[in-house]
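Observations on chain architecture
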Amino acid sequence: MVRFIEENITKMVETNIISNSEVLYEGNTSPATKVLQDFKINDENVGRGGLIRSWVDSMRACSPTHLKSFNNHSSWIREHPSALNMFEEILLATEGKQIVMFLDYDGTLSPIVDDPDRAFMSKKMRSTVRKLATCFPTAIVSGRCREKVYSFVKLTELYYAGSHGMDIKGPEQGPKYKKKNQSLLCQPATEFLPVIDEVYKKLVEKTKSISGAIVENNKFCASVHFRCVDENKWSDLALLVRSVLKNYPKLMLTQGRKVLEIRPIIKWDKGKALEFLLESLGYDNRTDVFPIYIGDDRTDEDAFKILREKRQGLGILVSKYAKETNASYSLQDPDEVMDFLERLVEWKQLRCEA
Ligand SMILES: O=P(O)(O)OC[C@H]1O[C@H](O[C@H]2O[C@H](CO)[C@@H](O)[C@H](O)[C@H]2O)[C@H](O)[C@@H](O)[C@@H]1O
């Protein structure tokens, strides 16, 4: 593994894949940094080292078993206990407050699968989320394009924030929880639509040579999947992506679970989407509101961070492995997410009956 990382770093430095697009990923303090230090590579001698560091970081995220060697899981679980085990404590914190639910889709409501077009959520999960939305305002916040995530979830009563929050729409049935009677639509990156489409087409063309690579058009952003790409080809794929992106200084690259995400350089992310939704619901600057955000990915960290900074509500990271996170609690997988949501619904229904 070490040799693999070393080869990739060397190759990327030699071929100068880095130019003016920047990788905005802040979680570079642990394993990847350690790897870089082990190789005696720092920002100075790799030039624009952010991308290299981020790429190594993505390898780490893509290889959770490798992660274990860096992290002490038992101390991590003490810091981020199971939201199921701590359910009563969580309820106590919500006492007298309006819970607002934010749910990521892939890896949170649906299990991670090889084919992004087949990431279906179970009927049981759909039924749970439907019940949840009758109890609390509920939003789905996803990296996918809004229409696509809606086609999986199929619940009209929810808020949807697609394209990492760059495409937000309220429930079709009307603004049940909204303060003003107007339809909710927020698209802060519309000017980037043509450029994303252009880049998407170029990426499809360029990555044809890499077996297993999938490019997904997420409307305001694009994804290059490498889940099914042989590890030996990851750096080749990165180079190809880089060769396209170097001509688009207003786009940036971030990373998710075995996916490179290409998005506009604007100050908008899932955290901003969370804030926007709370405001639209009339819940901004209120101490009696308790947002709960559940997600599994690095992009969800922006939302966890907002909640931590505001000291409001809580974030729950879905992960079987120790990861650097701003979430307070953890759940292992979508099955545990469903159990947690079911318990919330039962609790709320009992309270309403009482
Ligand atoms: O914010 P999310 O809803 O979690 O979306 C993030 C990305 O999710 C999808 O990719 C991930 O799930 C795929 C299906 O399980 C999996 O094959 C892939 O490896 C994961 O990265 C989606 O396809 C991307 O477009 C989203 O950006």
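Every value quoted in this text rests on a predicted model; they were computed, and no experiment measured them.

**A word on the overall build of the chain**
Summing up its helical and strand segments, the chain has 13 helices and twelve strands in all. Restricting to contacts in the chain with at least 6 residues of sequence separation, those with at least 24 account for 63%.

**Considering the site of the ligand**
Close to the ligand lie 24 residues, the nearest being Tyr105, Asp106, Pro116, Ser142 and Gly143. Across the shell around the ligand, the residue classes tally to six nonpolar, eight polar and ten charged. Looking at the shell around the ligand, you find at least three residues from each of domain 1 (2-70 + 190-264) and domain 2 (77-188 + 268-353).

**Topic: helix α12 (residues 301-310)**
Where α12 is concerned, the buried positions are Glu301, Asp302, Ala303, Phe304, Ile306 and Leu307. Where α12 is buried, its residues meet β1 (98-103), β2 (138-141), α11 (270-280), β10 (289-295) and β11 (314-318). Two residues or fewer past α12, Arg311 is found with a positive phi of approximately 50 degrees.

**Describing the sheet that holds strand β12 (residues 329-331)**
Overall, mixed pairing links the eight strands, which are arranged β5-β4-β3-β2-β1-β10-β11-β12 in an open sheet. Edge positions in the sheet fall to β5 (185-186) and β12, since each of these pairs with one other strand and no more.

**With respect to the pairing of strand β7 (residues 222-225)**
Burial of the side chains of β7 extends over both faces: Ala222 and Val224 are buried on one face and Ser223 and His225 on the other. Where strand β6 (residues 214-217) and β7 come together, four bridges link them in antiparallel fashion. Paired with Ile214 across the bridge in β7 is His225. Hairpin remark: β6 followed by β7, antiparallel, with four residues in the connecting loop; positive phi at Lys219, about 70 degrees.

**Focus: the environment of Tyr283**
Its place among the elements puts Tyr283 in the loop between α11 and β10. Given 19 C-beta atoms within a 10 Å radius, Tyr283 is considered partly exposed. Apart from residues lying up to four places away in sequence, Tyr283 is in contact with Gln98, Val100, Leu278 and Val289.

**Thoughts on the sheet that holds β7**
Pairing is antiparallel across the open sheet formed by four strands, whose spatial order is β6-β7-β9-β8. Edge positions in the open sheet fall to β6 and β8 (251-256), since each of these has one partner strand only. Direction aside, the axes of adjacent strands within the sheet are offset by 20 degrees on average. Pairing of β7 with strand β9 (residues 259-264), which is carried by four bridges, proceeds in the antiparallel orientation. Pairing of Val224 across the sheet is with Leu260, part of β9. Relative to the sheet, helix α9 (residues 193-206) contacts β6, β7, β8 and β9, its axis offset from that of β7 by approximately 15 degrees.

**A look at the domain arrangement of the chain**
Domain boundaries in the chain define domain 1 (2-70 + 190-264) and domain 2 (77-188 + 268-353). Each side of the interface is counted separately: domain 1 has 25 residues, and domain 2 has 20 residues. Mapped onto the side of domain 1 that touches domain 2, the elements with two or more residues apiece are α4 (64-67), β6, β7, β8 and β9. Examining the composition of the side of domain 1 that touches domain 2, we find that three residues originate from one element, β8, more than from any other.

**Some remarks on the environment of Ile99**
Mapped onto the secondary structure, Ile99 falls in strand β1. Exposure remark for Ile99: the 20 C-beta atoms within 10 Å place this residue in the buried category. It is 9.2 Å that separates the C-alpha atoms of Ile99 and Thr138, two residues lying 39 residues apart in sequence. The contacts of Ile99, once residues within four sequence positions are left out, are Thr94, Phe136, Phe290 and Ile292.

**Here we look at the packing of α11 against α12**
Pairs of packed helices are described in terms of their axes, by the angle between the two and the distance that separates them. Interhelical geometry of α11 versus α12 gives an angle of 55 degrees and a closest axis separation of 6 Å. As summarised for this structure, α11 and α12 are arranged oblique, according to the angle between their axes. Where α11 abuts α12, its residues Lys270, Gly271, Leu274 and Glu275 lie against Asp302, Ala303, Lys305 and Ile306.

**Notes on unusual backbone geometry**
Notably, Ser163 is not glycine yet its phi reads approximately 50 degrees, a positive angle. Relative to the helices and strands, Ser163 is located in the loop between β3 (159-162) and β4 (167-169). Even without being glycine, Lys258 reaches a positive phi, approximately 50 degrees. Relative to the elements of secondary structure, Lys258 occurs in the loop between β8 and β9. Classification of Lys258 as partly exposed rests on a count of 19 C-beta atoms within 10 Å.

**Some points on the pairing of β10**
Residues in a regular strand project their side chains so that they alternate between the two faces of the sheet. Within β10, six of the seven residues are buried, which leaves it mostly tucked inside the rest of the structure. Across six bridges, β1 lies against β10 in parallel orientation. Directly across from Phe102, in β10, lies its bridge partner Tyr293. Handedness of the crossover is the feature at issue here: the chain leaves β10, passes through α12, returns alongside β11, and the resulting connection is right-handed.

**Section: the packing of helix α7 (residues 123-135) against helix α13 (residues 334-353)**
Here α7 crosses α13 at 35 degrees, and the two axes come no closer than 9 Å. As for how α7 packs across α13, the hand of that crossing is left-handed. Of the residues in α13, those touching α7 at Lys124, Met125, Thr128, Val129, Lys131, Leu132 and Cys135 are Pro334, Met338, Leu341, Glu342, Leu344, Val345 and Lys348.

The rules behind these values
Residues numbered from 1 in each chain as written. Predicted model: local features only at pLDDT ≥ 70, side-chain atom pairs only at ≥ 80, totals over all residues. Helix = DSSP H or I, 4+ residues; strand = E, 2+ residues; numbered from the N terminus. Contact = placed C-beta atoms within 7 Å. Near = placed C-beta within 6 Å. Nonpolar A, V, L, I, M, F, W, Y, C, P; charged D, E, K, R; others polar. Domains from an automatic or database assignment. Buried ≥ 20, exposed ≤ 12 C-beta atoms within 10 Å, placed from the backbone. Pairing = 2+ DSSP bridges. Axes fitted to C-alpha atoms, helices over the stretch in contact; angles between N-to-C directions. Parallel < 35°, antiparallel > 145°, perpendicular 65-115°, else oblique. Right-handed = clockwise from strand over helix to strand, strands pointing away. Left-handed = near helix turned anticlockwise from the far one by under 90°.

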